[in-house]
Amino acid sequence: MRWERYRDGMHPGDYDVADIAQASETGRVPADARIDDLLDSAYRRALTHREGTVADYIPILGRADPEAFGVSVVDVDGGIHSVGDTATRFSIQSISKAFVYALLCEAVGHTDAYRIVGVNNTGAPFNSVVAIELNGGHPGNPMVNAGAIATTALIPGGSAAEKWDAVHAGLSRFAGRALDVDDEVYRSESETNQRNRAIATLLQSYDRIRCDPLEAVDVYTRQCSLLVDARDLAVMGATLADGGVNPVTGERVVSAEVARDTLAVMAASGLYERSGEWLFEIGMPGKSGVAGGLVTIAPGKVGIGAYAPPLDSAGNSVRGQIATAYLSRALGLNIFASASHA
Ligand code: GLU
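About the thresholds
- Residues numbered from 1 in each chain as written.
- Predicted model: local features only at pLDDT ≥ 70, side-chain atom pairs only at ≥ 80, totals over all residues.
- Heavy atoms only, no water.
- Helix = DSSP H or I, 4+ residues; strand = E, 2+ residues; numbered from the N terminus.
- Expected span 1.5 Å × (residues − 1).
- Buried < 20%, exposed > 50% of the residue type's maximum accessible area, 1.4 Å probe, protein only.
- Arc of directions from axis to C-beta.
- Contact = heavy atoms within 4.5 Å.
- Axes fitted to C-alpha atoms, helices over the stretch in contact; angles between N-to-C directions.
- Parallel < 35°, antiparallel > 145°, perpendicular 65-115°, else oblique.
- Pairing = 2+ DSSP bridges.
- Phe/Tyr/Trp six-rings, centres within 6.5 Å; stacked < 30°, edge-to-face > 60°.
- Lys NZ or Arg CZ within 6 Å of the ring centre and 35° of its normal.

*Asks:* Would you mind showing me how to read helix α2 (residues 32-47) here?
*Replies:* End to end, α2 covers 22 Å across 16 residues, agreeing with the expected 22 Å (1.5 Å per residue, within 8%). Those residues of α2 that sit buried are I35, L38, L39, A42, Y43 and A46. Buried residues of α2, viewed axially, fall in a sector of 145°; they line one side. Looking at the buried side of α2, the elements it contacts are β1 (70-75), β2 (80-84) and α14 (318-331).

Next up, the structure:
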């Protein structure tokens, strides 16, 4: 089953929130009880949407419950707010790309990460080979498969096992707990990821991957198979919202500069080819994954984690987007919104 199938699918187009007034940006989130109320409204509103298709180009993902739906908000003080199925685990998939990129920035620095992996939206689907060719072999950005595999390949380590240890430990620090690999997802994707292997080998031909490209794909496939729930995603997002410090464990995971750089790249390309629409409607950096996860960050305020498997035609969780759009407006999280100073 090819990804192209979903590109002919539904287009939610509107995010069903145009009627919600944009709350003023105050630099603070409202009190806990207000967050709980608004989270509940966001959940109920998104629940009425049944559009979208569960991904099955990785066969095992097709078994996900299309009704599963949960949203968590974690604030930079470590306060946790949850509604729905926020303890249901699913594979992190592409959302791992943002956090592994943060680990790479931490390891090699701003300039090298920019130079080698890039920061611009390709405008092409996440698994495009054509985009690599059109860019003269440059992977484009870390949120598409080419850039993500190049990112994982660049993680310091003398062997694939050492790179994996660094990726696994780093993502676990973001979540504040030791994450497990879903072996079934890992096997299912390993048997069907010929396209990612082709992408990695193509990047090697352009000297963009210098380690064994198939080993890099294997580490990447493992990282995509890590199990998280919506609450984990919210904690991971809140770590980027909190200048790189996990607000639940208190551990610094990356520097404030790395958190900033990661959010910039997420804003430019975190929602596949819909990244512009997403910024226009939601106004925050985010990253989605094909298992139905979505993480969104209001810098200095909160991380939002959502899980709902049916996806729009670009690969973004439909209910996750609608609930997040609601929270963006109702909580005043849009980073572009301001009221007149006077
Ligand atoms: N592991 C998936 C792939 O490489 C991730 C895709 C995604 O979530 O966008 O195809």
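*Asks:* For this particular structure, what's the right way to read the environment of T152?
*Replies:* Note on placement: T152 falls in helix α6 (residues 145-154). Overall, T152 belongs to the buried group, its relative accessible area being 0%. For the pair T152 and Y114, spaced 38 residues apart in sequence, the C-alpha separation works out to 14 Å. Excluding anything up to four places from it in sequence, T152 contacts V100, K163, A216, V219, Y220 and Q223.

*Asks:* Explain the packing of α6 against helix α10 (residues 213-224) here, please?
*Replies:* Packed helix pairs are specified by the crossing angle of their axes together with the interaxial distance, meaning the distance between the axes. Interhelical geometry of α6 versus α10 gives an angle of 105° and a closest axis separation of 9 Å. Classified by the angle their axes make, α6 and α10 are roughly perpendicular. Contacts between α6 and α10 involve N145, A148, I149, T152 and A153 from the former and A216, V217, V219, Y220 and Q223 from the latter.

*Asks:* Help me understand unusual backbone geometry, please; the structure alone is not making it clear to me.
*Replies:* Excluding glycine, residues mostly carry a negative phi; peptide bonds, for their part, are mostly trans. Although it is not a glycine, D207 adopts a positive phi angle of roughly 65°. Topologically, D207 is positioned in the loop between α9 (194-205) and α10. Notably, Y272 is not glycine yet its phi reads approximately 55°, a positive angle. Considering the arrangement of structural elements, one finds Y272 in the loop between α12 (256-269) and α13 (275-281).

*Asks:* I tried to follow the pairing of β2 on my own but got confused; where do I start?
*Replies:* The side chains of a regular strand alternate between the sheet's two faces. Strand direction decides the pairing type here: β1 and β2, joined by five bridges, are antiparallel. Considered in β2, the bridge of V71 is made with V83. Counted between consecutive antiparallel strands, the loop separating β1 from β2 contains four residues, among which G78 sits at a positive phi close to 90°.

*Asks:* Sorry if this is basic, but what is going on with the sheet that holds strand β7 (residues 302-307) here?
*Replies:* Through backbone hydrogen bonds, the strands of a sheet pair up, either in parallel or in antiparallel fashion. Ordered by their spatial adjacency, five strands build an open sheet running β2-β1-β7-β6-β5, and the pairing between neighbours is antiparallel. Looking at strand neighbours, the two that pair on one side only are β2 and β5 (286-288), the edges of this open sheet. Looking at each pair of strands side by side, their axes are set apart by 10° on average, direction ignored. Looking at chain direction, β1 and β7 are connected through six bridges and run antiparallel.

*Asks:* Could you clarify how one ought to interpret the packing of aromatic side chains in this entry?
*Replies:* Each aromatic ring pair is characterised by the separation of its centres together with the angle its planes make. Taken as a whole and judged by the stated rule, the model has five aromatic pairs. Summarising the aromatic geometry, the rings of F90 and Y307 are spaced 4.0 Å apart at their centres and angled 0° between planes, so their arrangement reads as stacked. Taken together, the residues F90 in strand β3 (residues 90-91) and Y307 in strand β7 connect sequence positions 217 residues apart. Assessed through its relative accessible area of 4%, F90 is described here as buried. Relative to F174, the ring of F99 lies with its centre 4.8 Å away and its plane at 65°, an arrangement referred to as edge-to-face. Residue F99 is located in helix α3 (residues 95-108), and its partner F174 is located in helix α7 (residues 160-175); the two are separated by 75 residues in the primary sequence. Across the pair, F174 and F99 agree in class, each one buried. Taken together, the ring pairs connect Y57, F126 and Y272 into an aromatic cluster. Over the face of the ring belonging to Y272 we find K287, whose NZ or CZ atom lies 4.3 Å from the ring centre.

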